[in-house]
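# Fold and contact review
Below, each chain spelled out in residue letters.
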Amino acid sequence: MAISGLILGASAGTAQASTCSQSYLPLPDPTCTPGVYNPDVTQSTINSTICVSGWTATVRPPTSYTNALKAQGIIDYGYSDTNMSDYEEDHQIPLELGGSPRDPGNLWPEPHSGTKNSTTKDGVETKLKNAVCKGTITLNAARTAIKTNWTTALSVTGIG
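My aim in this report is to walk through the structure given alongside it, one point at a time.

Definitions and cut-offs
Residues numbered from 1 in each chain as written. Predicted model: local features only at pLDDT ≥ 70, side-chain atom pairs only at ≥ 80, totals over all residues. Heavy atoms only, no water. Phe/Tyr/Trp six-rings, centres within 6.5 Å; stacked < 30°, edge-to-face > 60°. Helix = DSSP H or I, 4+ residues; strand = E, 2+ residues; numbered from the N terminus. Buried < 20%, exposed > 50% of the residue type's maximum accessible area, 1.4 Å probe, protein only. Lys NZ or Arg CZ within 6 Å of the ring centre and 35° of its normal. Contact = heavy atoms within 4.5 Å.

### Considerations on the packing of aromatic side chains
Counting across every chain of the model gives 3 aromatic pairs. Where Y77 meets W108, the ring centres are 5.7 Å apart and the plane angle is 50°; that geometry is what we call tilted. You can see Y77 sitting in the loop between helix 2 (63-76) and strand 3 (87-91) and its partner W108 sitting in strand 4 (residues 107-111), a full 31 residues away along the chain. Of the residues examined, W108 reaches a relative accessible area of 1% and is grouped as buried. Seen in terms of ring centroids, Y79 and Y87 are 4.7 Å apart; in terms of plane orientation they differ by 20°. Their pairing is stacked. Overall, the relative accessible area of 5% leaves Y87 in the buried class. Pairwise contacts between aromatic rings join Y77, Y79, Y87 and W108 into one cluster. Across the ring face of Y65, the terminal group of R102 is positioned such that the distance to the ring centre comes to 4.7 Å. If you follow R143 out to its NZ or CZ, it ends over the ring of Y37, 4.3 Å from the centre.

Have a look at this one:
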């Protein structure tokens, strides 16, 4: 089954050349994971979406959906470590900033290893969302900063 360039259902052990580059780490390959927005989240809807406590839980896809993408993404990125628990199937544009919950172009297997990893990115996402909800920065500014480079998003936006 093909979804946005990802091939799901490849049998285990099938040798495939990686189609996504690890050279961008700790960022995703922008060709494979460009980031996709949730059209329901706009600057005018933040008070009924991302700024509502618990809202992301209402849109987060189940692991039964994301695990298939993660398994294929590990192959696509050519990771030598194929242990699924060593990665988070992460949203390039986080749900906290109105990223598309299910679009494969917004999901990638982000490694837990390294100093700039999935846990570090989670803190950046929260600070940006809080700044958007306080009106310190716009939703667009936060999205642009995290999409461009989450490791510099706080300094680029003046948040931290």
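### Some words on the environment of G99
One can find G99 in the loop between strand 3 and strand 4. Remark: the alpha-carbon pair of G99 and V59, spanning 40 residues in sequence, is separated by 10.0 Å. Residue contacts for G99: discarding those within four places in its chain leaves V36, Y37, N38, I93, P94 and N106.

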